[in-house]
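# Secondary and tertiary structure notes
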Amino acid sequence: MALDSNMVIPAHVALILDGNGRWAKKRGLPRTFGHKEGCVTVEKTVEIAARMGIKYLTVYGFSTENWKRSEEEVGALMQLFRYYMVRLLKIASANNVRVKMIGDRRRFAQDIIDGINRLEEETKDNTGLTFVIAVNYGGRDEIRRAAAKLAEDVKAGKVEAEDITESVFASYLDTADIPYPDLLIRTSGELRLSNYLLWQLAYSEIYITDCLWPDFNRDELIKAIVQFNQRDRRFGGVKA
């Protein structure tokens, strides 16, 4: 499928990568195989998005709720994360991609924290697409952490309570230096936000596809962009 040159490319696309487990189950494979294939799809999508001219791509890698999964599955996901952080550094270097992690990384093992820090440090000067990975991330937890930091600054006299605006509060979020998503894509047909970017998605266009994440490809991304171009974005106002 070709991308029409007249179409507006959304500056920031957010993704909920759903369906890895179902993809594996359909093939009689363990869920971990679906997660591995999903990681391959992430790699491909980063490269495709960069070539399309998308400026920011944010993916929901591991939520605060994912710790509730079985110990075996969480352990397998951590091993995958370790492996793909190394892969991602190579992909980022080859495609001029800047990598940023959002979420509370403190719960991870120290080697994973070190890997995250290295990814961010070694790609910080890249000028192409910014690839944002939400890990140990939850929208409510992000807002809670931001509120706690803001409360500390008010107590310390750094911020006056009456000066707290939406923009001031947003500056305390993990995404302080990232524009809000223009488009949210969720795979596998589920119709919920799953505690993802609750503040940031207030006026994002939402596109749902039945495609399972490991099957997501360039054509699926183009379908979402076509839909995005058919939307009338008013941001709460009324156009004349």
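Above this text sits the structure in question.
Small disclaimer: the values here were computed from a predicted structure and weren't measured.

### Quick word on the side chain of H35
- Mapping H35 onto the fold places it in helix α2 (residues 31-52).
- Within polar-contact distance, the side chain of H35 engages the side chain of E73 at 2.8 Å.
- With residues near it in sequence (within four places) discarded, H35 still touches N20, R69, E73, L77 and L80.

### Here's the deal with the nonpolar core
- Membership of the largest hydrophobic core comes to 45 residues, with the highest contact counts inside it found for F108, F131 and I185.
- When residues in this core are grouped by element, the largest group, nine residues, is from helix α3 (residues 71-95).
- In this structure, F131 is in contact with V42, V46, L57, V59, L88, V97, R98, V99 and K100, ignoring residues within four places of it in sequence.
- Y56, A134, Y196 and L197 belong to the second largest nonpolar core, which has 13 residues in total.

### Observations concerning the pairing of strand β5 (residues 183-186)
- Here β5 shows no split at all, with L183 and I185 on one side and L184 and R186 on the other all buried.
- Relative to β5, strand β1 (residues 12-16) runs parallel, the two sharing four bridges. Looking at the pairing, I16 lines up with R186 of β5.
- Direction of pairing for β5 relative to strand β6 (residues 205-208): parallel, over a ladder of four bridges. Looking at β6, one finds that R186 is bridged to I208.

### A word on the sheet that holds β1
- Taking strand neighbours across the sheet as the criterion, the six strands line up as β3-β4-β2-β1-β5-β6 in an open arrangement whose pairing is parallel. Single-partner strands in this sheet number two, and they are β3 (98-102) and β6. Between one strand and the next, the sheet's axes are offset by a mean angle of 20°, whatever the strand orientation.
- Sheet topology note: the strand β2 (residues 56-63)/strand β4 (residues 130-137) ladder contains seven bridges and is parallel. What sits directly across from L57, in β4, is F131.

Cut-off values and rules
- Residues numbered from 1 in each chain as written.
- Predicted model: local features only at pLDDT ≥ 70, side-chain atom pairs only at ≥ 80, totals over all residues.
- Heavy atoms only, no water.
- Helix = DSSP H or I, 4+ residues; strand = E, 2+ residues; numbered from the N terminus.
- Polar contact = N/O pair within 3.5 Å; in protein donor to acceptor, adjacent residues only side chain to side chain.
- Contact = heavy atoms within 4.5 Å.
- Core = buried A, V, L, I, M, F, W, Y, C linked by side-chain atoms within 4.5 Å.
- Buried < 20%, exposed > 50% of the residue type's maximum accessible area, 1.4 Å probe, protein only.
- Pairing = 2+ DSSP bridges.
- Axes fitted to C-alpha atoms, helices over the stretch in contact; angles between N-to-C directions.

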